[in-house]
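Letter by letter, the chains look like this.
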Amino acid sequence: MKYPKNGKFGEFGGKYIPETLVPAIEELEENYLKFKNDKNFKKELDYYLKVYAGRPTPLYYAKNLSEKLGGAKIYLKREDLLHGGAHKINNTLGQALLAKKMKKKRIIAETGAGQHGVATAMACAALGMKAEVYMGYKDTIRQKLNVFRMNLLGSKVHPVKSGSKTLKDAINEAIRDWITNVETTYYLLGSAVGPHPYPVMVRDFQSVIGNEIKSQMKKLNKTPDSVIACVGGGSNAIGTFYPLVDSNAEIIGVEAAGHGLKSKKHSATLSAGSKGVLHGMMTYLLQDKEGQITETHSISAGLDYPGVGPEHSYFKDNKRVKYHSATDTEVIEAFLMLTRTEGIIPALESAHAIAEAIKVAKKSKKSESIVVTLSGRGDKDVEEVQNYLSKNVKD
Amino acid sequence: MSKISEKFAELQEKNQKALISYIMAGFPNEKSTISVVRGLVKGGVDIIELGFPFSDPLADGPVIQNASTISLKKGTKIDKFFALVKKIRKETDIPLVLMTYTNILYHKGYQKFIKDAKNAGIDGFILPDMSVEESKEYLQAAKNIADTIFLISPNTSKTRIQKIAKASSGFLYLVAIYGITGVKTGIKNYTIKAIKNVKKQTDGKIPIGVGFGVSTPDDVKKYIKAGADGVIVGSAFLKLIEKTPQSKLESKIESFTKSLKKQTLQKK
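Per an unreviewed UniProt entry, chain B goes by the name Tryptophan synthase alpha chain and belongs to Nitrosopumilus piranensis. UniProt, in its Sequence similarities (unreviewed entry) section for chain B, records the words "Belongs to the TrpA family." Here is the UniProt Pathway (unreviewed entry) comment for chain B, exactly as written: "Amino-acid biosynthesis; L-tryptophan biosynthesis; L-tryptophan from chorismate: step 5/5."

By the naming in an unreviewed UniProt entry, chain A goes by Tryptophan synthase beta chain and is assigned to Nitrosopumilus piranensis. Of the comments in the UniProt record for chain A, the one headed Catalytic activity (unreviewed entry) reads "(1S,2R)-1-C-(indol-3-yl)glycerol 3-phosphate + L-serine = D-glyceraldehyde 3-phosphate + L-tryptophan + H2O". Turning to chain A, the UniProt annotation filed under Cofactor (unreviewed entry) states: "pyridoxal 5'-phosphate".

Quick look at the structure:
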């Protein structure tokens, strides 16, 4: 859906927000619509994406991995090679530039694994702005290196100790800050979630991924048979999928099944959730029988979120995209396999997509091609993987 | 006429303004909620807002957030909440407003939830994350059953004020400050201006209640003087509940309520 009327993807999305935020959201929408087609804005953003962030990213043929699995050719869209090590910079440069055009002096953001926080801190430093980042207390511990990086970049990190102390609570706290400082503050949301226009705006800034995939595959005289990306909030996935929804490709989003879909320790919102309202949007959520949001689990802090971008909910219901999931165990296996066959250490988020690619490749023909978005690099996760392996590998 | 509208009409006749209290159901437990309600009624409160806890109360500050967490941990569920409302209804016919977040109603289905709440004795609803744009189904479900009290903010535009006032019944909830509940920033000039502006835009067609950050008799006095038809005090009650032992709860709440209510009596 190009620019959804009333911010609705079917019944999903919308603006379920406290009244204090309405003028800010209206101002944002007005400015986004004005600048998204503005030649100078586009030129400036393109410049930063190319020269600062490192676009276009390569589409890498993972020959060793493909041959090992014996099926389709696997291509990796290398968002891990971007500045900061993740796709997040596409969106933060876009929004930070927009905030600057809107003459906003103060930027706030939320972060799960810390990648969006780091990308916000980088974009803000590059554009001469300062950011404050909310991060769940639990995440500040498991991703302490990213906290340090944000500090180095001149951003302040606020650890959030309420609720489950993860991403959803960081979003709650960022929204509270925004309500309080609405006249001066720009909220730089990190995923394709939240009230309209955030889901569509973040999708548009991330669509550079899918657009590049399209042209890079064309240069190879190919069209992808399958396109795979991981889904937490779903920004790398929607950026990958959106330009390709009109193609014939099978599109698969991969959620975090954690300890398994029946374990209650997972973050697989679309696979196991139900419809509801959270963080300004109508979407699929993980909730109990009473409508209380339940706690989530994933080995990957970046996917540890009980909601999902509303456009994904729309694609789930109209069946254009399939949503599968990968367990922590499958993710670690995929992580190790990619690391050892290709010398690429993926983020644990991205390893979810690799886990699905392994399954798809095994049952596909050699003539077929699979494109997997490698949303980020795994440096931030090696300690987490080390802990997992030391607990789970028997001598 | 709804029970809430009747209350405002009655107060007008008596030359009084409304004192509205917010308390979290089940905080710190169900027994205290009953004692608190008794104290409020004895103290002369006009309308009681009962909070139903939500896991992610994004418009609320630390005090209400903490009360939500405790209430949920104590096992507050929808059925138990309705049973509590029925108990309260046996003691008083004071207007009761349910304040919670949209997902709680949506999840059960607006129609079913609102009917069940009405049967228990709820007269109106406040949902801080329900915008007027998304409210069609909610409004239909509540029509002729319960009042829908919407929030407006000091930065709400003229045209929106009218749109929101049209969707509201019972009263209109003016958020006094840019911020979340419970944060004390003092009386702001922009709030005083907002009260006057909203009164003008709505032409006295619906009463205006002012809430968020209202915690002392002096605050009450100033907002009433500025033209508010009612004031809403929440976090200040929760703080008092938090530090008062169960045995003294009723009397402490009663005397605090009296001190606030006194400010809503207008000189003839």
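J.: So, the UniProt feature "modified residue: N6-(pyridoxal phosphate)lysine" (unreviewed entry) in chain A: which residues are in play, and what are the values?
T.: Residue and element names in this part refer to chain A. Using the residue numbers shown here, the UniProt feature "modified residue: N6-(pyridoxal phosphate)lysine" (unreviewed entry) corresponds to Lys88. As for its position among the elements, lysine 88 is in helix H4 (residues 88-101). Residue lysine 88 is classed as buried on the basis of its relative accessible area of 15%. Ignoring sequence-local partners within four residues, the contact set of lysine 88 consists of Gln115, His116, Ala119, Gly190, Gln206 and Ser235.

J.: With reference to specific residues and values, describe the domain arrangement of chain A.
T.: Residues and elements named next belong to chain A. Domain boundaries assigned for chain A yield domain 1 (10-50 + 88-198) and domain 2 (55-85 + 207-392). Taking only C-alpha atoms, the centre of domain 1 and the centre of domain 2 are 22 Å apart. Taken together, the contacts link 37 residues of domain 1 with 41 residues of domain 2. Carbon and sulfur atoms make up 58% of the surface buried where domain 1 meets domain 2, a total of about 3000 Å² over both sides. Viewed at the interface, domain 2 and domain 1 are joined by 3 salt bridges. Two residues, arginine 142 and aspartate 304, come together in a salt bridge whose shortest N-O distance is 2.7 Å. Our count for the domain 1 to domain 2 interface comes out at 14 residue pairs in polar contact (both at pLDDT 80 or more). Elements supplying a minimum of two residues to the side of domain 1 that touches domain 2: strand E2 (12-13), helix H2 (39-53), H4, helix H5 (115-126), helix H6 (137-142), helix H7 (144-152) and helix H8 (167-180). Across the side of domain 1 that touches domain 2, the residue classes tally to 13 nonpolar, 15 polar and 9 charged.

J.: I'd like a description of the pairing of strand E1 (residues 18-24) of chain B, backed by residues and values.
T.: All names here are of chain B. Judged by how many residues are buried, E1 sits mostly within the fold: 7 of 7 residues are covered. What you see with E1 is no split at all: Ala18, Ile20, Tyr22 and Met24 on one side and Leu19, Ser21 and Ile23 on the other are buried throughout. In this sheet, strand E9 (residues 230-233) lies alongside E1 in parallel orientation, the contact comprising 4 bridges. Within the sheet, the bridge partner assigned to leucine 19 lies in E9 and is valine 231. Relative to strand E2 (residues 47-51), E1 is paired through 5 bridges, and the arrangement is parallel. Across the sheet, the residue bridging to isoleucine 20 is isoleucine 47, located in E2. Crossover handedness for the path E1 to helix H2 (residues 30-43) to E2: right-handed.

Cut-offs used in this document
Residues numbered from 1 in each chain as written. Chains lettered and ligands numbered in written order. Predicted model: local features only at pLDDT ≥ 70, side-chain atom pairs only at ≥ 80, totals over all residues. Heavy atoms only, no water. UniProt positions renumbered as here; feature names shortened; annotations may be inferred. Helix = DSSP H or I, 4+ residues; strand = E, 2+ residues; numbered from the N terminus. Buried < 20%, exposed > 50% of the residue type's maximum accessible area, 1.4 Å probe, protein only. Contact = heavy atoms within 4.5 Å. Domains from an automatic or database assignment. Buried area = accessible area lost by both parts, 1.4 Å probe. Salt bridge = Lys/Arg side-chain N within 4 Å of Asp/Glu carboxyl O. Polar contact = N/O pair within 3.5 Å; in protein donor to acceptor, adjacent residues only side chain to side chain. Nonpolar A, V, L, I, M, F, W, Y, C, P; charged D, E, K, R; others polar. Pairing = 2+ DSSP bridges. Right-handed = clockwise from strand over helix to strand, strands pointing away.

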